[in-house]
Structure formats: C-alpha cells, structure tokens
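Each chain is listed here by its residues.
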Amino acid sequence: MNAPTAAHHLQIAPRMSPPELIAALQARFGTQCSLAQAVRDQHGRDESVFVSVPPPAAVVFAESTQDVADAVALASQYDTPVIAFGVGSSLEGHLLAVQGGISIDVSRMNKVLAVNAEDLTVTVQPGVTRKQLNEEIKSTGLFFPIDPGADASIGGMCATRASGTNAVRYGTMRENVLALEVVTAQGGTTRTGTRAKKSSAGYDLTRLMVGSEGTLGIMTEITLRIYPLPEAISAAVCSFPSIADAVHTVIETIQLGVPIARVELIDANTVRMVNQYAKLGLREEALLLMEFHGSPASVKEQAETVQELASSHGGQSFEWATTPEERTRLWTARHNAYFAAIQSKPGCRAISTDTCVPISRLADALLDSIEEADASGIPYFLVGHVGDGNFHFGYLIDPDNAQEFETAETLNRKLVQRALSLGGTCTGEHGVGLHKMGFLRDEAGEGAIDMMRAIKRALDPKNIMNPGKIFPFEV
C-alpha cells in the first residue's frame, strides 16, 4: 500500500513565475490582480492539514469568462501554473500552490445566468454558492439538492465531484451537471453537453471535467439539474445504544428500498462536541439524522417504516420535525460537527478521511475502524452520509507533532486499505488533491493511471493546470 502524501514529506517544487508574466497580468487586470501578501496567503491555504506550502505569486480576481481565458493564456505563454479558487473550503489541499504560479479567484463570477423552470435546469457561474443558488430559485418552487455541508461554490463542487447529505436520494454532482463552459489550458473556451437530459453523442466530456479538480480546465459556466421542492418534508433524530445498531438500521432501510432523502450518522463522541459547541441537548449516544421527502402520505409511510426498523435495533428518543425551523435545529448538529471538533482541541488540524463502501459492507468498514481509532488515543470525530456508504473520520492532531501526525496517517492508511478490500474507494466526495495521491494508484491500477496521464498530457501538455494534484508523479 502506498502511503499518502503527508505534510512532513510533501514535495514542493515551485516553478518560476516570470516578472514579465506578473507585469502582463497587472497591465491586463489592473486592480483585479493582487500581489499583496495577505491576499496571496489567503489563496494559498484551505481546510486541509497542509499548512507550510508557499502561497501563489499573484491572485487574479476574474469577473468573466474572458478574464479567465486571458489569465490562462498569459500563464500558458510563460509556462506558469494556474489554480482556480472558489471559497477555499477544500479538505485535501486542492488549492495549494505546490508548484507556484497564479491563483484565479472566480468568486466574483457569482451570477445565476438562466433559470429554465419548465425543463428543471439552471445555468450559473462557478462562484455561485449552493446557498445563494437555492435562495435565488426558491420563488420558482425548485431547489438544488447537493449539500456537502460547507457553503461551497458550485465550481468547486463540480471540480471535486462533491455530494453530501442528500446524495442517497438525489445523487452527486456527477449525476446533476448537464453542461459546462470550460477554459482550456491554452486559454481557449469550449462547451460540453447540453440542457437535454441525456445524450449519446461522442465522448462524455462533461463527466470528464466533473471531478478533474482543476487539472484539465477551469469551468466558467455550469448547467445543473434542479428539482421541485417536496410537498412535504419531515426530519427525525434517533439515538442508538451502539454504532452497530445505527449502521444496521441504515443498511436495512436502504436494502428495503425506502426512498429516504438523507440519513446521517454522528457518533457519541461527536454529539458531545456538538452539544458543547452549539448548546444543544442531544442524547450523547450514536445518532441518526434522517429526512423524508414526498407527499404527506408517502413521508408518513417512510417515517413509520424507518422508525419500526430503528426500534428493532434499540433506537429510541425519536424526535420529529416538520417545520423549517425545527428541521434546521436538528440539522445544526450535523453541519456544526467539523467546527465543533476543531474547537474542542484548540490549535489542532483535522486529518479528514473520506472512504465509501458498498452499503452491505458498511458495518465491516466502520466498526473495525472505530476500534482502531479508539485504541490509538487520538481524539476524533465521526460523521457519515451512511445511506450511500460514505463516512468521515476527522483525526484531531497538533500539526507540529510528528508522532500524532504519523499515528493519524497510519489510521487513515488502514481505513483506506479496508475500504478498497471491501470493494470501496479512497474518496467518496472530497477528491484526491494532495492527500490521496498514493491511494489512487492502489485503487485504479496502473492501466487506469496510464490512461489518466494520457488525457492530462493531451489536454494540458505544459502541465500548468493545477499541477502536482491527483497524480503521485510528474505527468
């Protein structure tokens, strides 16, 4: 098993950003190009454990597709890396300038360009965030369901093929992106896909770009599927005497075909952190948070079925919520889990895991990993979109403590080994970035890696699009 790239042996190999390039960027963009140290530092870090990577040489604040194209064309002229930046919520080091270069911030490209309510599609710029999108389309009676927790940008969610709490019913970004406008590595612009719900015309370039983590191009327009707001929504929280009881409830729910919209697991340790952080009074046991969408009758039937399954596994303290305010209060626990954990150990960083396994193997993957984490002595939090077999440990470490770092990486390595042996993946939604490069080779195999390298070389022959990510070697 290849060890993942870790902070203390991270390969940092900056490529020169020539003064001529910086001068050309300043001439083209004026105040939209910043060399300020604080701005560069902001664009040189994310939520990952990597804290000692130098920042980019400059930051360009793009306001249009043409801005992105011009910045990339100049970077290509001078063989200089470019890294797209949204809101900086990446967990795997995607945004870090490990080979230097310039950061292209697309947060000002934040317009909803077209809402086609009759076709259930919407076209947006990449800087639109998921909360902004839902606020702007709520008057149509429609919504965009992908919810990774953070208020991430749509461009970033596409780049990492994000999913989140609603994926068990609505799928991931892979299923919900219909078409793209993309700036290529040469500074050209191309379009992939259409607003039609399906197509068999040639290679599926849209799916190639979704999940490419900025290594093949920069997305500047995105067409998404949107959905009617459910007639009825009901949320519930249920406590269990053990993680095993909660997990088996989830497995039986999915295998029975109950169309549950969300089902999230929080372990007792994390519930304790959340209670302290958000001043909640949740029972400090393993917890499932569930949500049901549909007609009033179907929601009632789904909820009753799941409550019966949960009761057979010791589920208790069911709490139901049907109003938006009540549902928000219940989901506060899940959305605050990361921040609650970070605050529980001042100065710590979280090494976040992201495995996903077939639902039938969820208990095998999860319970053994919990036993290993408990035995390690490393504080951790555990949450999971367990309805689709995806779960996350966050190992809380002092980033300057090499022993803690190595212990956490060992736990992560064992977790990924287990997931792969069970037919799973090293990353269900966070992406590869820097942290999972070694694991990609184990999962995909040399043949698939060679194919990926060939695609990268063909589309980005100068290796300027977010280099040093995904591939554990030079392309």
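All values derive from a computational prediction rather than experimental measurement.

Undergrad: Could you give me a rundown of the packing of helix 14 (residues 362-376) against helix 15 (residues 402-421), with the residues and numbers involved?
TA: When two helices pack together, their arrangement is given by the angle between their axes and by how far apart the axes lie. In contact at an axis separation of 10 Å, helix 14 and helix 15 are set at 165 degrees when each is read in the N-to-C sense. In terms of orientation, helix 14 lies roughly antiparallel with respect to helix 15. The interaxial crossing formed by helix 14 with helix 15 has right-handed handedness. In contact with Asp364, Ala365, Asp368, Ser369, Glu372, Ala373 and Ser376 of helix 14, helix 15 contributes Thr407, Leu411, Lys414, Leu415 and Arg418.

Undergrad: Which residues make up unusual backbone geometry, and what are the values?
TA: Phi angles above zero are rare outside glycine, and Glu213 is one such case at about 60 degrees. For Glu213, the location among the structural elements is in the loop between helix 8 (205-209) and strand 10 (218-225). In this structure, Asn463 takes a positive phi of about 55 degrees despite not being glycine. Looking at Asn463, the relative accessible area reads 11%, which means it is buried.

Undergrad: Got a sec to walk through the confidence of the model for the protein? Specific residues and values, please.
TA: Averaged over every residue, the pLDDT of the protein is 92; residues scoring 70 or more account for 97%. For residues 1-9, every residue scores under 50 in pLDDT, and the model assigns this stretch 31 contacts once sequence neighbours within four places are set aside.

Undergrad: Describe in detail the side chain of Thr129, supporting the description with residues and values.
TA: With respect to the element layout, Thr129 can be found in the loop between strand 6 (121-124) and helix 4 (130-137). Other than its neighbours up to four places away in sequence, Thr129 contacts Val87, Asp151, Ala152, Ser153 and Ile154.

Undergrad: Outline the pattern of salt bridges, supporting the account with residue identities and numerical values.
TA: Tallied over the full model, the rule gives 22 salt bridges. Among the ionic pairs, Arg262 bridges to Glu291, the shortest N-O distance being 3.4 Å. Taken together, the positions of Arg262 in strand 13 (residues 262-266) and Glu291 in strand 14 (residues 286-294) put the pair 29 residues apart, joining distant regions of the chain. Given a relative accessible area of 12%, Arg262 falls into the buried group. For Glu291, a relative accessible area of 5% puts it in the buried group. One salt bridge in this structure joins Glu304 and Lys300, with 2.6 Å as the shortest N-O distance. With Glu304 and Lys300 both in helix 11 (residues 296-312) and 4 residues apart, the pair spans about one turn of that helix. Bridged by salt links that share partners, the residues Arg130, Asp147, Arg262 and Glu291 form one connected network.

Undergrad: Describe the sheet that holds strand 2 (residues 58-61), naming the residues involved and giving the relevant values.
TA: Read from one edge of the open sheet, 4 strands run 1-2-4-3, paired in mixed fashion. Of all strands in the sheet, those with a lone pairing partner are strand 1 (33-34) and strand 3 (82-85), marking the two edges. Sheet topology places strand 2 next to strand 4 (residues 102-105); 4 bridges connect them, and they run parallel. Along strand 4, the bridge assignment pairs Val59 with Ser103. Against the sheet, helix 3 (residues 65-77) contacts strand 2, strand 3 and strand 4, and its axis sits at roughly 170 degrees relative to strand 4.

Undergrad: I'd like a rundown of the pairing of strand 6, residues and numbers included.
TA: By the alternation rule, side chains of strand 6 split into Thr121 and Thr123 and Val122 and Val124, which are all buried. The pairing of strand 5 (residues 112-116) with strand 6 spans 4 bridges and is antiparallel. Bridged to Val115 within strand 6 is Val122. In sequence, strand 5 turns back onto strand 6 through a hairpin of 4 residues, with Leu120 there showing a positive phi of about 60 degrees. As judged from the 4 bridges shared by strand 6 and strand 10, these two strands associate in the antiparallel manner. The residue bridging Val124 from the neighbouring strand is Ile222, located in strand 10.

Undergrad: Go over the pairing of strand 9 (residues 189-193) with me, naming the residues and quoting the values.
TA: As paired elements, strand 8 (residues 177-183) and strand 9 share 5 bridges and run antiparallel to each other. Looking at the pairing, Leu180 lines up with Thr192 of strand 9.

Undergrad: Which residues make up the packing of aromatic side chains, and what values do they have?
TA: Following the criterion strictly, the structure yields 9 aromatic pairs and no others. Their ring planes at 90 degrees and their centres at 5.7 Å tell us that Phe143 and Tyr170 sit as a pair that is edge-to-face. With Phe143 in strand 7 (residues 142-143) and Tyr170 in helix 6 (residues 167-170), the pair connects residues that are 27 residues apart, well separated along the chain. Considering the side-chain rings of Tyr380 and Phe393, the 5.6 Å spacing of their centres and the 50 degrees angle between planes classify their relative orientation as tilted. Here Phe393 lies in strand 19 (residues 390-397) and Tyr380 lies in strand 18 (residues 380-385), a separation of 13 residues in the sequence. For Phe393, a relative accessible area of 0% puts it in the buried group. Among the aromatic residues, those joined into a cluster by ring pairs are Tyr380, Phe391, Phe393 and Tyr395. Sitting above the plane of the Phe29 ring, Arg28 keeps its charged end 4.4 Å from the centroid.

Undergrad: Go over helix 11, please, and point to the residues and values.
TA: Relative to the 24 Å expected for 17 residues at 1.5 Å per residue, helix 11 spans 25 Å between its end C-alpha atoms, a close match to the ideal helical length. Where helix 11 is concerned, the buried positions are Val299, Gln302, Ala303, Val306, Leu309 and Ala310. The buried residues of helix 11 occupy an angular sector of 130 degrees when the element is viewed end-on, so they sit on one face. Facing away from the buried side of helix 11 by over 90 degrees, the exposed positions are Ala297, Lys300, Glu301, Glu308 and Ser312. For helix 11, the elements touching its buried residues are helix 6, strand 12 (232-240), helix 9 (243-255), strand 14 and strand 15 (316-321). Taken from the residues just after helix 11, Gly314 is the one with a positive phi, measuring 85 degrees.

Undergrad: Talk me through the sheet that holds strand 8; I want residue IDs and the actual numbers.
TA: What the 5 strands build is an open sheet, ordered 5-6-10-8-9; its pairing is antiparallel. Strands at the two margins of the open sheet, each flanked by one partner only, are strand 5 and strand 9. Each adjacent strand pair in this sheet contributes to an overall mean axis angle of 10 degrees, direction not counted.

The rules behind each value
- Per-chain numbering applies: the sequence of each chain, read as written, is numbered from 1 onward.
- Restriction of local features to residues with pLDDT of at least 70 applies here, the model being predicted, together with a cutoff of 80 or more for giving and counting side-chain atom pairs; totals for whole chains, interfaces and linings are based on all residues.
- For the side-chain quantities, the full set of heavy atoms in the structure was used; hydrogens and water were omitted.
- Only the stretch in contact is used when fitting a helix axis, every axis being a line fitted to C-alpha atoms; angles between N-to-C directions are given from 0 to 180 degrees.
- Helix numbers and strand numbers start at the N terminus; a helix is a DSSP run of H or I with at least 4 residues, a strand a run of E with at least 2.
- Just so you know how the angles are binned, under 35 degrees is roughly parallel, over 145 roughly antiparallel, 65 to 115 roughly perpendicular, and the rest oblique.
- In a left-handed crossing the near helix is turned counterclockwise from the far helix by less than a right angle, and in a right-handed crossing that turn is clockwise.
- Here a residue-residue contact requires only that any non-hydrogen atoms of the pair lie within 4.5 Å.
- Burial classification: accessible surface area is computed with a 1.4 Å probe over protein chains only, and a residue below 20% of its type maximum counts as buried, one above 50% as exposed, and the rest as partly exposed.
- One number per residue, pLDDT, summarises how confident the predictor is, and it ranges from 0 to 100.
- By definition, a salt bridge exists where a carboxyl oxygen of Asp or Glu is found within 4 Å of a side-chain nitrogen of Lys or Arg.
- Pairing between strands is defined by DSSP: at least two bridges between them are needed.
- Pairs were defined over the aromatic rings of Phe, Tyr and Trp, the Trp ring being its six-membered one, requiring ring centres within 6.5 Å. Orientation was assigned from the angle between planes: stacked under 30 degrees, edge-to-face over 60, tilted for the rest.
- The rule for a charge over a ring is simple: NZ of Lys or CZ of Arg within 6 Å of the ring centre, and within 35 degrees of the ring normal.
- Expected helix span is computed as 1.5 Å times (number of residues minus one).
- Think of the arc as the fan of directions from the helix axis to the C-beta atoms.

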